[in-house]
Amino acid sequence: MKKGDVIEGVIESYSFPNKGSFLRDDRKIIVKNALPGTEAKIRITKKKSGYAEGIIEKVIKTSPLETKKPVCPHFYECGGCTYQTVAYTNQLRLKETMVKDLLTPVVPDLPWEGIEASPDQFQYRNKMEFTFGDAEKDGPLTLGLHRLGSSYDILEIRGCAIVRPSWNEILKYTQKFFRDHKVNFYHRMQHFGILRHLVVRQSFADGGILVNLVTTTKHALTVPETKAATEGAAGSKPEEAGEQEGLRNQIIEELHLPEYVAGLVSLEASGKFDSLSGHSHLSGVLYTENDSLSDAVKSDSTTLLYGQDYLMEEVLGLEFKVSPFSFFQTNTRGCEVLYSKVREYVLSVYSEAVGGAADPDRADTAPVRAGVIYDLYSGTGTIAQLMAPIAKKVYGIEIVEEAVEAARENAKLNRLKNCEFIAGDVLKKLDEIGEKPDFIILDPPRDGCTPKALDKIIDYGVPYMVYISCKPTSLARDLVTLQARGYRVLRACAIDEFPNTQHCETICLLGRVTPSE
């Protein structure tokens, strides 16, 4: 067997993230996006000692789990929602099995409580990042998502099933508008071009939509390169800041953005938003400049073109102002399930301490108030504010300054006076808090906690902590350290925040082992 060979096989095993495998000549063949029982022709792409990797060249027989027709017209080309042909109950079983298979070797006596379903299987996303590019080399401008198996080809999106239908109308309009005005896209390998991303967010509380157009400033126009207004205004002379503002206004005019905004407003007025998705309406339109070499959506400067630059969302009775670049769970109704479970885990600790039973849906019924809670990697402070009614004080630490500002505003909005939010890296900012924690909630990025940050967190020696993870492999790795340093898993479960995909959230309640134990 060598690279490029095509072999036939039946997927026997399945593991996170969405990787099927089978044995051939005592060698494990790993195939991404292959469900158990799938029989296919596999082209070998990589050969290593003891295993090989391959991709599906042709499906001979689909998995017995695939009993449904896909809802999305892009299913076979997009590859984002790989479980659409699988009944939802079976999706949940697959995810639960993958998570348990990762955690059980690390926690042999895993106190597993199952997986919680998402309230919505479709149209549940409140945020998506779409990319400008072309569907084929030198083809027309295309706005959509990366095609399955390609880092460059963009698939035109006209009927994505996990977003509100009004978004599809916005995508179609945006693509046509910039095609008609012959504005090109940014070629990330050659570093030229203009259009990069279109980010759409929507509030599930009031239906408001925020549209953010992201471009470079390296236009093939008469406009020189500009630096970020946020950076320039802070360290430049007033006249230089004025020049930057003038250049930005010139770019906005030359990209026809006033006309683009007027078209979005007309699209809403035509009734297409409401007729397709209930109470959707346009809340704001933003223009973001990003000259970073990274393909990630970043802001060198963001200008409000229309309406407001935020959305209002509601979670478990609290209101949250969501800004363009702040983190907020992408499944609004699903995150209520997630946060309810987190609150239940926290409350269970304090109710058991006095032999009582707290109602997880009513924080004010907790028999014992928690002391000081640290909410680390706190985003817009959602968890911190949900914990505030049962705590003496809650501290949230988040590296994204915009998210911290939003968290502070949200705490005022919800009339919570015992929440304090700190902007900066968790590892560095922990030392600045005078009050030591009685309880810690961890909700780190996908790659988990850095070793140094995790060591510092463990050194506090709190009796209990909750760890929330969107990547179970990172959680399994960190649990090795946590258990070696004196913690054990008391409760664990999964929450399906991303129906039709292989992703899910995992929550663990950990308790510190005392010498008598």
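Check the entry above for the structure.
Quantities reported herein were computed from a predicted structural model and do not represent experimental measurements.

## Quick look at the overall build of the protein
(1) Moving on: Looking only at helices and strands, one finds 13 helices and 23 strands in the protein.
(2) Moving on: Split into buried and exposed, the 517 residues of the protein put 52% on the buried side.
(3) Moving on: Within the protein, counting contacts between residues at least 6 apart in sequence, those at least 24 apart form 62% of the total.
(4) Moving on: Carbon together with sulfur atoms contributes 51% to the accessible area of the protein, which is approximately 22,900 Å² in total.

## As for the pattern of salt bridges
(1) Moving on: Tallied over the full model, the rule gives 24 salt bridges.
(2) Moving on: Glu-77 is the salt-bridge partner of Arg-147, the closest N and O atoms lying 3.0 Å from each other. Of this pair, Arg-147 sits in the loop between β9 (141-146) and β10 (154-156) while Glu-77 is found in helix α1 (residues 75-78), placing the two residues 70 residues apart along the sequence.
(3) Moving on: Note that Glu-129 and Lys-127 form a salt bridge whose closest N and O atoms lie 3.5 Å from each other.
(4) Moving on: What you see here is one network of salt bridges that share partners, running through Glu-113, Glu-116, Lys-341, Glu-344 and Arg-491.

## Re helix α3 (residues 165-180)
(1) Moving on: An ideal rise of 1.5 Å per residue puts 22 Å on 16 residues; α3 measures up with 23 Å between its terminal C-alpha atoms.
(2) Moving on: Within two residues after α3, Lys-182 carries a phi angle of roughly 55 degrees, on the positive side.

## Observations regarding helix α10 (residues 401-413)
(1) Moving on: An ideal rise of 1.5 Å per residue puts 18 Å on 13 residues; α10 measures up with 18 Å between its terminal C-alpha atoms.
(2) Moving on: Listed in full, the buried residues belonging to α10 are Ala-403, Val-404, Ala-406, Ala-407, Asn-410 and Ala-411. The buried side chains of α10 occupy one side of the element, clustering within an arc of 160 degrees when seen end-on. The outward face of α10, more than 90 degrees from its buried face, is lined by the exposed residues Glu-401 and Lys-412.
(3) Moving on: In this fold, the buried residues of α10 make contact with β16 (318-322), α9 (382-387), β18 (391-398) and β19 (419-423).

## Section: the sheet that holds strand β20 (residues 439-442)
(1) Moving on: Here eight strands make up an open sheet; going across it, the order is β7-β22-β23-β21-β20-β17-β18-β19 and the pairing mixed. Of all strands in the sheet, those with a lone pairing partner are β7 (112-116) and β19, marking the two edges. Averaged over all pairs of adjacent strands, the angle between their axes in this sheet comes to 15 degrees, without regard to strand direction.
(2) Moving on: Lying on the sheet, helix α12 (residues 451-459) is in contact with β17 (370-376), β20, β21 (464-469), β22 (487-495) and β23 (505-512); it crosses β20 at an angle near 155 degrees.
(3) Moving on: Helix α13 (residues 472-484) rests against β21, β22 and β23 of the sheet, and its axis sits at about 155 degrees to β21.

## Examining the sheet that holds β9
(1) Moving on: What the seven strands build is an open sheet, ordered β10-β9-β8-β11-β12-β13-β14; its pairing is mixed. A single partner strand is all that each edge strand has here, and the edge strands are β10 and β14 (301-307). The mean inter-strand angle of the sheet, taken between neighbouring strand axes irrespective of direction, is 35 degrees.
(2) Moving on: Lying on the sheet, helix α6 (residues 257-269) is in contact with β11 (195-202), β12 (208-215), β13 (281-289) and β14; it crosses β13 at an angle near 160 degrees.

## Some remarks on the environment of Leu-510
(1) Moving on: Its place among the elements puts Leu-510 in strand β23.
(2) Moving on: The buried category is assigned to Leu-510, whose relative accessible area is 0%.
(3) Moving on: Put simply, Leu-510 and Tyr-487 are 23 residues apart on the chain and 6.1 Å apart in space, counted from C-alpha to C-alpha.
(4) Moving on: Apart from residues lying up to four places away in sequence, Leu-510 is in contact with Pro-463, Tyr-464, Met-465, Tyr-467, Leu-479, Leu-482, Tyr-487, Arg-488, Val-489 and Leu-490.

## Topic: the nonpolar core
(1) Moving on: Among the nonpolar cores identified, the biggest contains 42 residues, and Phe-132, Phe-178, Leu-198 and Tyr-260 are the most heavily contacted of them.
(2) Moving on: Take this core: its biggest share by element is six residues, from α3.
(3) Moving on: In contact with Tyr-260, other than residues within four places in its own chain, are Tyr-173, Thr-174, Phe-177, Phe-178, Leu-198, Val-211 and Val-285.
(4) Moving on: With 40 residues, the next largest nonpolar core counts Tyr-395, Val-426, Ile-457 and Tyr-467 among its residues.

## Considerations on the side chain of Asn-290
(1) Moving on: Inspection of the secondary structure assignment puts Asn-290 in the loop between β13 and β14.
(2) Moving on: Asn-290 sits in the buried class, given a relative accessible area of 0%.
(3) Moving on: Separated by 3.3 Å, the side chain of Asn-290 and the backbone oxygen of Ala-296 make a polar contact.
(4) Moving on: Asn-290 has contacts with Arg-196, Val-214, Thr-215, Thr-216, Ala-296, Val-297, Lys-298 and Asp-300, leaving out every residue within four places of it along the chain.

## Some thoughts on the state of the cysteines
(1) Moving on: Taken as a whole and judged by the stated rule, the model has zero disulfides.
(2) Moving on: No disulfide involves Cys-504; its sulfur sits 9.8 Å from the nearest other cysteine sulfur, which is in Cys-493.
(3) Moving on: For Cys-504, a relative accessible area of 2% translates into the label buried.
(4) Moving on: For Cys-508, which is in no disulfide, the shortest distance to another cysteine sulfur is to Cys-493 and amounts to 8.2 Å.
(5) Moving on: When its relative accessible area of 0% is taken as the criterion, Cys-508 is described as buried.

## As for the packing of aromatic side chains
Between two aromatic rings, the relevant description is the distance of the centres plus the angle of the planes.
(1) Moving on: In total, this model carries 10 aromatic pairs according to the counting rule given.
(2) Moving on: Ring centres of Tyr-173 and Phe-177 lie 5.9 Å apart, and the angle between their planes is 45 degrees; this geometry places the pair in the tilted category. A residue pair is termed a helical-turn pair when its members lie 3 or 4 positions apart in one helix, as Tyr-173 and Phe-177 do in helix α3 at four residues.
(3) Moving on: The buried category is assigned to Phe-177, whose relative accessible area is 6%.
(4) Moving on: With a centroid separation of 5.4 Å and 55 degrees between ring planes, the pair formed by Phe-177 and Tyr-260 is classed as tilted. In this pair, Phe-177 sits in helix α3 while Tyr-260 sits in helix α6, placing the two residues 83 residues apart along the sequence. Taken as a pair, Phe-177 and Tyr-260 share a single burial class, namely buried.
(5) Moving on: Each member of the aromatic cluster is reached from another via a ring pair, and the members are Phe-132, Tyr-173, Phe-177, Phe-178 and Tyr-260.
(6) Moving on: Just above the ring of Tyr-310 sits the side chain of Lys-321; from NZ or CZ to the centre is 4.3 Å.

Definitions and cut-offs
- Residues numbered from 1 in each chain as written.
- Predicted model: local features only at pLDDT ≥ 70, side-chain atom pairs only at ≥ 80, totals over all residues.
- Heavy atoms only, no water.
- Helix = DSSP H or I, 4+ residues; strand = E, 2+ residues; numbered from the N terminus.
- Buried < 20%, exposed > 50% of the residue type's maximum accessible area, 1.4 Å probe, protein only.
- Contact = heavy atoms within 4.5 Å.
- Areas by Shrake-Rupley, 256 points an atom, 1.4 Å probe, with all protein chains shown as cover.
- Salt bridge = Lys/Arg side-chain N within 4 Å of Asp/Glu carboxyl O.
- Expected span 1.5 Å × (residues − 1).
- Arc of directions from axis to C-beta.
- Pairing = 2+ DSSP bridges.
- Axes fitted to C-alpha atoms, helices over the stretch in contact; angles between N-to-C directions.
- Core = buried A, V, L, I, M, F, W, Y, C linked by side-chain atoms within 4.5 Å.
- Polar contact = N/O pair within 3.5 Å; in protein donor to acceptor, adjacent residues only side chain to side chain.
- Disulfide = S-S within 2.5 Å.
- Phe/Tyr/Trp six-rings, centres within 6.5 Å; stacked < 30°, edge-to-face > 60°.
- Lys NZ or Arg CZ within 6 Å of the ring centre and 35° of its normal.

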